[in-house]
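Residue-level structural notes
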Amino acid sequence: MLETERLILRNFKPTDIEDYWEMVQMPNVGPRAGWPAYTEYDKAVERLEKVQCVTPNLFAIVYKPDNKMVGSIELMDCKVDRYSNLDIEAGAKEIGFVLNEKYWGKGIMTEATKAVLEYAFEVLNVENIYIGNARANIASGRVQEKLGFKVVGEVKNYRIWVDGTPTDFIERKMTRVEWLKNK
Ligand SMILES: CC(C)(COP(=O)(O)OP(=O)(O)OC[C@H]1O[C@@H](n2cnc3c(N)ncnc32)[C@H](O)[C@@H]1OP(=O)(O)O)[C@@H](O)C(=O)NCCC(=O)NCCS
């Protein structure tokens with residue numbers, strides 16, 4: 001478990017289902033992160049059960065003022081095929097996140113990602129962390145920029161954005177040395 005001023009980052013629990021279902025149905029949430037919005041409650045239950053058991057560094061984000069599960073953030077092995085133009089180091093990790101749309105714009109994901117970076121670099125001693133966003137995903141890019149990730153490449157026409165137009169994938173990275181220097 002990780003804790004910040006406003007957030008608790010912990011494992012998902014079966015009792016998160018109502019908050020999870022609320023978030024995964026949102027048409028502006030999953031599709032911006034590359035997966036379709038859920039339309040069936042049972043599929044959300046199934047997914048929640050699966051992620052609780054098999055995903056080690058996947059955190060449910062609880063917003064303390066509302067005692068509500070509002071998002072998720074994962075530190076995972078870097079999906080090298082996603083960064084196929086880069087020479088990804090062994091042991092590199094990648095961060096992915098989504099937040100309930102009702103909670104956007106309060107600095108929640110910046111706060112959550114900072115806690116995960118601290119954990120990854122200072123507890124797990126990870127050396128390199130990658131993150132990326134569709135160019136059209138301004139909010140995600142801004143979170144990454146605010147935290148100090150540096151642009152290291154891009155993949156042209158990575159995928160079709162939610163408005164139907166092609167969008168590039170902006171690739172960013174932070175090293176442990178940079179984290180320790182800038183914190
Ligand atoms: C990306 C996401 C997690 C951001 O979460 P958040 O808690 O709202 O982010 P924060 O509040 O910490 O920061 C968002 C920043 O983007 C800025 N922003 C958001 N939309 C913007 C826009 N259209 N134009 C310019 N800036 C924008 C905000 O002003 C803020 O920057 P600031 O602090 O300098 O003002 C959230 O929008 C989300 O869940 N999106 C859908 C899923 C997703 O895109 N996941 C990432 C896939 S790469």
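Everything here concerns the structure above.
Heads up: these notes are all about the structure in this document. Here, residues in each chain are numbered from 1, in the same order as that chain's written sequence. Only residues with pLDDT of 70 or above have their local features reported here, since the model is predicted, and side-chain atom pairs are shown and tallied only from 80 upward, although totals for entire chains, interfaces and linings are computed over all residues. Only hydrogens and water are set aside when side-chain values are computed; all heavy atoms of the structure are taken into account.

Another point: the site of the ligand. Any residue with a heavy atom positioned within 4 Å of a molecule or strand is treated as near that molecule or strand. Around the ligand, the structure places 23 residues, and the nearest of them are G105, G107, T110, N137 and K146. Throughout this description, a polar contact denotes any pair of N or O atoms lying within 3.5 Å of each other; where both atoms belong to protein, one of them has to be capable of donating a hydrogen while the other can accept it, and for residues adjacent in sequence the pair is counted only when both atoms sit in side chains. Taking G107, its main chain carries an N or O atom lying 2.8 Å from an oxygen atom of the ligand. Taking K146, its side chain carries an N or O atom lying 2.7 Å from an oxygen atom of the ligand. Taking 970 Å² as the accessible area of the ligand by itself, protein coverage stands at 71%. Going along the chain from the N terminus, every DSSP run of H or I of four or more residues is numbered as a helix, and every run of E of two or more is numbered as a strand. Listing elements by their share of the shell around the ligand, those giving two or more residues are α2 (30-33), β5 (93-99), α4 (108-122), β6 (128-134) and α5 (138-147). For the shell around the ligand, the leading source of residues is α5, giving six residues. By the convention adopted, Pro, Cys, Tyr, Trp, Phe, Met, Ile, Leu, Val and Ala count as nonpolar, Lys, Arg, Asp and Glu as charged, and the other residues, Gly among them, as polar. Considering only residue class, the shell around the ligand consists of eleven nonpolar, eight polar and four charged. Under the convention used here, a 1.4 Å probe and the Shrake-Rupley method define accessible areas, while residue burial counts only the protein chains that appear.

Attention shifts here to helix α1 (residues 17-24). Side chains three or four residues apart in an α-helix point the same way, a direct result of the helix having 3.6 residues per turn. With six of eight residues buried, α1 is to be regarded as a mostly interior element. Each residue is placed in one exposure class: buried if its accessible area under a 1.4 Å probe, protein chains only, is under 20% of its type's maximum, exposed if it is over 50%, and partly exposed if it falls in between. Of all the residues in α1, the buried ones are I17, D19, Y20, W21, M23 and V24.

Working definition of a nonpolar core: buried Ala, Val, Leu, Ile, Met, Phe, Trp, Tyr and Cys residues. They are joined through side-chain atoms within 4.5 Å. One finds L9, I61, I73, I95, V116, L117 and I129 to be the most contacted residues of the largest nonpolar core, which totals 30 residues. Looking at this core, the elements with two or more residues in it are β2 (7-10), β3 (58-63), β4 (68-77), β5, α4, β6 and α5. The residues touching I61, leaving out its near neighbours within four places in the chain, are L7, I8, L9, K68, M69, V70, G71, S72, I73, I108, M109 and A112. Formed by 15 residues, the second largest nonpolar core is a distinct cluster that contains F12, L58, M69 and V98. We call two residues in contact when some of their heavy atoms are within 4.5 Å.

Bringing the pattern of salt bridges into the picture now. Here a salt bridge means any side-chain nitrogen of Lys or Arg lying within 4 Å of a carboxyl oxygen belonging to Asp or Glu. For the coordinates displayed, the defined rule picks out 17 salt bridges. A salt bridge links E3 to K64; the shortest N-O distance between them is 2.8 Å. One end of the pair, E3, is in strand β1 (residues 2-3); the other, K64, is in the loop between β3 and β4, and 61 residues separate them in sequence. Close ionic contact of E122 with K183 constitutes a salt bridge, the shortest N to O distance being 3.0 Å. Pair noted here: E122 is in helix α4 and K183 is in the segment after α6 (176-182), with a separation of 61 residues, a long-range link. Taking the relative accessible area as the measure of exposure, E122 reaches 31% and is therefore partly exposed. Connected through shared salt-bridge partners, D19, E22, K68 and K102 make up one network.

The subject of this paragraph is unusual backbone geometry. Although it is not a glycine, N67 sits at a positive phi angle of roughly 45°. Mapped onto the elements of the fold, N67 is located in the loop between β3 and β4. For N125, which is not a glycine, the phi torsion comes out positive at approximately 55°. Topologically, N125 is positioned in the loop between α4 and β6.

What follows deals with the environment of S84. Checked against the element boundaries, S84 lands in the loop between β4 and β5. Considered as a pair, S84 and V155 are 71 residues apart in the sequence and their alpha carbons are 8.6 Å apart.

Glancing now at the packing of aromatic side chains. Two descriptors summarise a pair of aromatic rings, namely the distance from one centre to the other and the angle between the planes of the rings. Only centres within 6.5 Å qualify two rings of Phe, Tyr or Trp (six-membered ring in Trp) as a pair; their planes then separate them into stacked at under 30 degrees, edge-to-face at over 60, and tilted for everything else. Under the criterion given, the structure shown has nine aromatic pairs. Seen in terms of ring centroids, W21 and Y41 are 5.5 Å apart; in terms of plane orientation they differ by 90°. Their pairing is edge-to-face. Residue W21 is located in helix α1, and its partner Y41 is located in helix α3 (residues 41-54); the two are separated by 20 residues in the primary sequence. The exposure class of W21 is buried, given its relative accessible area of 16%. Grouped by ring-pair contacts, the aromatic residues Y83, Y130, Y158 and F169 constitute a single cluster.

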